Amino acid sequence: QVQLVESGGGLVQAGDSLRLSCTASGLIFRNYDMGWFRQAPGKEREFVGSIGWSGGSTSYADSGKGRFTISRDNAKNMVTLQMNSLKPEDAAVYYCAANYFGLGKYDYWGQGTQVTVSS
């Protein structure tokens, strides 16, 4: 079955950097746009950013523009989210998700990894 497994979360201080990874299995990874989402306690899940199936295009929410970078390695079935200059408001559970060729909804989701940012 399809599995998306996030890793790299943890506790950091404001201004620090963190790199999240998501490893996929059970699907043809290169056929999927990959997205990152996050959900803070008491808030709705929100879009963080995405990368096209070929890696040629990225999109970011305003909250992360200039600080977050998404990349992918199709040979390793992996997508990463590099987060710099972290702020306390970036604290959330971060999820990766897969969207078949960027069509419609995200079909598969990981279990999430916790990011905590202390001020």
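Remember, it's a predicted structure, so these values are computed and weren't measured experimentally.

Student: An account of the nonpolar core is needed here, citing residue identities and associated values.
Tutor: The biggest cluster of nonpolar side chains holds 27 residues, and the ones touching the most others in it are Met 34, Trp 36, Leu 81, Met 83 and Tyr 94. Of all the secondary structure elements, the ones that give two or more residues to this core are strand E3 (18–25), strand E4 (32–39), strand E5 (46–51), strand E7 (68–73), strand E8 (78–83), strand E9 (92–100) and strand E11 (113–118). Beyond its immediate sequence surroundings of up to four residues, Tyr 94 is in contact with Glu 6, Leu 20, Trp 36, Phe 37, Arg 38, Val 48, Phe 68, Leu 81, Met 83, Gly 112, Thr 113 and Val 115.

Student: Can you tell me about the pairing of E8, naming the residues and giving the values?
Tutor: Counting buried positions along E8 gives five out of six residues, so the element sits mostly inside the fold. Of the pairings in the sheet, the one linking E3 to E8 comprises six bridges and is antiparallel in character. Each bridged residue has a counterpart across the sheet, and for Ser 21 the counterpart in E8 is Thr 80. Pairing geometry for E7 and E8, over six bridges, is antiparallel.

Student: Explain the sheet that holds strand E1 (residues 3–7) residue by residue, including any values.
Tutor: The four strands are arranged E1-E3-E8-E7 in an open sheet whose pairing can be described as antiparallel. Edge strands, defined here as strands with exactly one partner in the open sheet, are E1 and E7. Going across the sheet, the axis of each strand differs from the next one's by a mean of 15°, ignoring polarity.

Student: Can you break down the environment of Phe 101 residue by residue, with the values?
Tutor: Positionally, Phe 101 belongs in the loop between E9 and strand E10 (108–109). You can call Phe 101 partly exposed: its relative accessible area is 31%. Contact partners of Phe 101, with chain neighbours within four places excluded, come to Asn 31, Tyr 32, Asp 33 and Trp 53.

Student: Talk me through the pattern of salt bridges; I want residue IDs and the actual numbers.
Tutor: For the structure on display, the rule yields five salt bridges. Two residues, Asp 90 and Arg 38, come together in a salt bridge whose shortest N-O distance is 2.9 Å. Separated by 52 residues along the polypeptide, Asp 90 in the loop between E8 and E9 and Arg 38 in strand E4 bring together distant segments of the chain. Look at Asp 90 and you get buried, because its relative accessible area is 1%. Here Lys 105 ties to Asp 107 by a salt bridge, and the two come within 3.7 Å at their closest N and O atoms. For Lys 105, a relative accessible area of 60% puts it in the exposed group.

Student: I'd like a description of a nonpolar patch on the surface, backed by residues and values.
Tutor: Where nonpolar side chains cluster on the molecular surface, the patch consists of Trp 53, Tyr 100, Phe 101 and Leu 103 and spans about 400 Å² of accessible area. Its location among the elements puts Leu 103 in the loop between E9 and E10. Residue classification places Leu 103 among the exposed residues on the basis of a relative accessible area of 58%.

Student: Can you explain the packing of aromatic side chains? Please cite residues and give values.
Tutor: Here a ring pair, both rings aromatic, is described through the centre-centre distance and the interplanar angle of the planes. In the structure shown here, the tally under the stated rule is eight aromatic pairs. Ring geometry for Trp 53 and Phe 101: centres 5.5 Å apart, planes at 85°, overall edge-to-face. You can see Trp 53 sitting in the loop between E5 and strand E6 (58–60) and its partner Phe 101 sitting in the loop between E9 and E10, a full 48 residues away along the chain. Exposure remark for Trp 53: the relative accessible area of 40% places this residue in the partly exposed category. Taken together, the ring pairs connect Tyr 32, Trp 53, Tyr 100, Phe 101 and Tyr 108 into an aromatic cluster. When the ring centre of Trp 109 is taken as reference, the NZ or CZ atom of Arg 45 above it lies at 3.8 Å. In this arrangement the basic side chain of Arg 72 is found over the ring face of Phe 29, its NZ or CZ atom lying 4.4 Å from the centre.

Calculation criteria
- For every chain, the first residue of the written sequence is number 1, and numbering continues from 1 along that sequence.
- The model is predicted, so local features are restricted to residues of pLDDT at least 70 and side-chain atom pairs to those at 80 or more, both for listing and for counting; the totals for chains, interfaces and linings are taken over all residues.
- Processing note: side-chain calculations cover all non-hydrogen atoms of the structure and skip hydrogens and water entirely.
- Throughout, nonpolar core names a set of buried Ala, Val, Leu, Ile, Met, Phe, Trp, Tyr and Cys residues whose side chains join them through atoms within 4.5 Å.
- Remark: exposure states derive from per-residue accessible area (1.4 Å probe, protein chains only) relative to the maximum for the residue type, with buried under 20%, exposed over 50%, and partly exposed in between.
- Only DSSP runs of H or I with at least four residues qualify as helices, and only runs of E with at least two residues qualify as strands; both kinds are numbered from the N terminus onward.
- We call two residues in contact when some of their heavy atoms are within 4.5 Å.
- We call two strands paired when DSSP finds no fewer than two bridges between them.
- Every axis corresponds to a line fitted to the C-alpha atoms, with the helix fit spanning only the stretch in contact, and the corresponding angles, defined between N-to-C directions, vary from 0 to 180 degrees.
- Think of a salt bridge as a Lys or Arg side-chain nitrogen and an Asp or Glu carboxyl oxygen that are within 4 Å of each other.
- Like-charged residues within 9 Å of one another, or nonpolar side chains (Val, Leu, Ile, Met, Phe, Trp, Tyr) within 5 Å, are grouped into patches, provided each residue has over 30% relative accessible area and no salt bridge.
- Exposure was quantified through the Shrake-Rupley algorithm and a 1.4 Å probe, taking into account, for residues, occlusion by the shown protein chains and nothing else.
- For this analysis, a ring pair means two rings from Phe, Tyr or Trp (six-membered ring only for Trp) whose centres lie within 6.5 Å, classed as stacked if their planes differ by under 30 degrees, edge-to-face if by over 60, and tilted for the remaining angles.
- Placement of a charge over a ring requires the Lys NZ or Arg CZ to be within 6 Å of the ring centre, with the centre-to-atom vector within 35 degrees of the ring normal.

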